[in-house]
Amino acid sequence: MREITVPLGTRSYSILIAPKLLPKLGAHCAELKLGKRCAIITDKNVGPRYAKVAVKSLRAAGFEPVTITVAPGETAKSLKTVQACYDQLAAHRLERKSFIVALGGGVVGDLAGFVAATYLRGIAFVQVPTTLLAQVDSSVGGKVGVNLKAGKNLVGAFYQPRLVLCDLDTLKSLPPREYRAGLAEVIKYGIIYDRDLFARLERELPKLQKLDPKVVGEVVARCCEIKAEVVGQDETESGLRAILNFGHTIGHGLEAISRYGKYLHGEAISIGQVAAAELSAALLDFPELDTQRVADLFRRAGLPTSVDLNASELKKLFAAMCLDKKVSDGEIKFVLAKRIGEVVWGQRVSEDMIRATLNPSR
Ligand SMILES: NC(=O)c1ccc[n+]([C@@H]2O[C@H](COP(=O)([O-])OP(=O)(O)OC[C@H]3O[C@@H](n4cnc5c(N)ncnc54)[C@H](O)[C@@H]3O)[C@@H](O)[C@H]2O)c1
Ligand SMILES: [Zn+2]
């Protein structure tokens, strides 16, 4: 088992990474000195597969778990579902010392984390991420929240879990498209922070795609290590943490204009990262060779690398990018790369430049 610490003083916590971890959930929770009652929040795809093992393990360790199952997919990240969760927590008399286990992908993690952050002004929660994206990204760092009609993640909090438990075996049941989408965040860590990781991904992508246990374990651990380091230095995103948004400015815009229907998050940020690499080449002397390596790796991972937008779609994309939380004083700021493994944030990029990058032929 690999153990990584997210260094946040008295709120520090461990990320545990290994196969066959879920049956040990109860034992690990027992070390946290929490109350007996707890709620597992999960969704309709994950619950039937894994909730039973989680419940059994928690019971064996002396806990009294109830299971709350929400609909799968982004729509569950709503205040309506939050309300339904509160009602069930109250019905089961969860109290200040009780805790929540988020068992599922990023949707469940963000939702359950927000419920934990606000129920009784905050109770403890444990992340058990079951998608690649959630294991390498969303379960670590304490950003929790839900969506409004006006946009994604507009209501939320910084609220750290007490433990993150990544059972690598859960990835085996993940639909291939979801796994590929997670690879987009994995590749991101190489570009923003670790040139060697990027080179390893180039070499070992086939093994990663085949879920080779050794490679998956090491790569997930390295991604978590990077996220832990970044969050440890800048928990609330006043600076460095912004680098995690590489490729996300355009990516979020694409998700928004397709109404979260066409692209998975990972697919949208794959296009966004390739575009950000091209912008970096134009504005920061990011080497041409690196631009090609970036596009090639996303392509080989089975992810989209470009979009064809007409004039009206482009207009909508800019409008959506301006609504994004990362915009301040109406100016769109980008994370750009100097070379693979090193990025800078807060870079101003003009609309014309973005237009030329996305649609070179128009
Ligand atoms: N908090 C953060 O820092 C952060 C970072 C990145 C993304 N996010 C959020 O994460 C969400 C996306 O997360 P996601 O990509 O994990 O999507 P998701 O939670 O919707 O999971 C994807 C799909 O896979 C299913 N699933 C999950 N685990 C499975 C398993 N082991 N076997 C079979 N099916 C499984 C789910 O039911 C769902 O249908 C978005 O809402 C995004 O905003 C948050
Ligand atoms: Zn992301």
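What counts, and at which threshold
- Residues numbered from 1 in each chain as written.
- Chains lettered and ligands numbered in written order.
- Predicted model: local features only at pLDDT ≥ 70, side-chain atom pairs only at ≥ 80, totals over all residues.
- Heavy atoms only, no water.
- Pairing = 2+ DSSP bridges.
- Helix = DSSP H or I, 4+ residues; strand = E, 2+ residues; numbered from the N terminus.
- Axes fitted to C-alpha atoms, helices over the stretch in contact; angles between N-to-C directions.
- Near = heavy atom within 4 Å.
- Polar contact = N/O pair within 3.5 Å; in protein donor to acceptor, adjacent residues only side chain to side chain.
- Areas by Shrake-Rupley, 256 points an atom, 1.4 Å probe, with all protein chains shown as cover.
- Donors = N, O, S within 2.8 Å, 3.2 Å for Na, K, Ca; no water.
- Buried < 20%, exposed > 50% of the residue type's maximum accessible area, 1.4 Å probe, protein only.
- Lys, Arg positive; Asp, Glu negative; His and termini not counted.
- Salt bridge = Lys/Arg side-chain N within 4 Å of Asp/Glu carboxyl O.
- Disulfide = S-S within 2.5 Å.

Draft legend 1. The sheet that holds strand 9 (residues 163–167), seen in detail. Spatially, seven strands are ordered 1-2-9-6-5-3-4 in an open sheet, and the strand pairing comes out mixed. The two strands at the open ends of the sheet, each matched to only one other strand, are strand 1 (2–6) and strand 4 (64–70). Taken pair by pair, the neighbouring strands of this sheet meet at an average axis angle of 20 degrees, ignoring direction. As judged from the five bridges shared by strand 1 and strand 2 (residues 13–18), these two strands associate in the antiparallel manner.

Draft legend 2. Examining the site of ligand 1 more closely. As a structural note, the neighbourhood of ligand 1 is formed by 26 residues, with Asp43, Gly106, Thr130, Thr131 and Ser173 the closest of them. Note that an oxygen atom of ligand 1 is positioned 3.1 Å from one of the side-chain N or O atoms of lysine 152. The fraction of the free accessible surface of ligand 1 (870 Å²) that becomes covered by protein chains is 89%. Looking at the shell around ligand 1, the elements with two or more residues in it are helix 2 (47–60), helix 4 (106–118), helix 5 (132–138) and strand 8 (151–158).

Draft legend 3. Structural detail: the coordination of the zinc ion (ligand 2). Looking at the metal site, the zinc ion (ligand 2) is ligated by Glu185 (OE), His248 (NE2) and His265 (NE2), spaced 1.9 to 2.1 Å from it. For the zinc ion (ligand 2), all donor residues lie on one chain, and their spacing in sequence is E-x62-H-x16-H. Highlighted residues: glutamate 185 in helix 6 (residues 176–193) and histidine 248 in helix 9 (residues 248–257), separated in sequence by 63 residues.

Draft legend 4. View of the side chain of aspartate 234. Structurally, the position occupied by aspartate 234 is in the loop between helix 8 (213–233) and helix 9. Buried and without a salt bridge, aspartate 234 has arginine 241 as its closest oppositely charged side chain, separated by 6.7 Å. At 3.2 Å, the side chain of aspartate 234 and the backbone nitrogen of glutamate 237 are in polar contact. Looking at aspartate 234, its side chain comes within polar contact range of the main-chain nitrogen of arginine 241, at 2.8 Å.

Draft legend 5. Region of interest: the state of the cysteines. A full pass over the atoms with the stated rule returns zero disulfides. In this structure cysteine 166 is a free cysteine whose sulfur lies 4.9 Å from that of cysteine 224, the closest cysteine sulfur available. Accessibility expressed as a relative area gives 0% for cysteine 166, which makes it buried. On the basis of relative accessible area, cysteine 224 is assigned to the buried category, the value being 0%.

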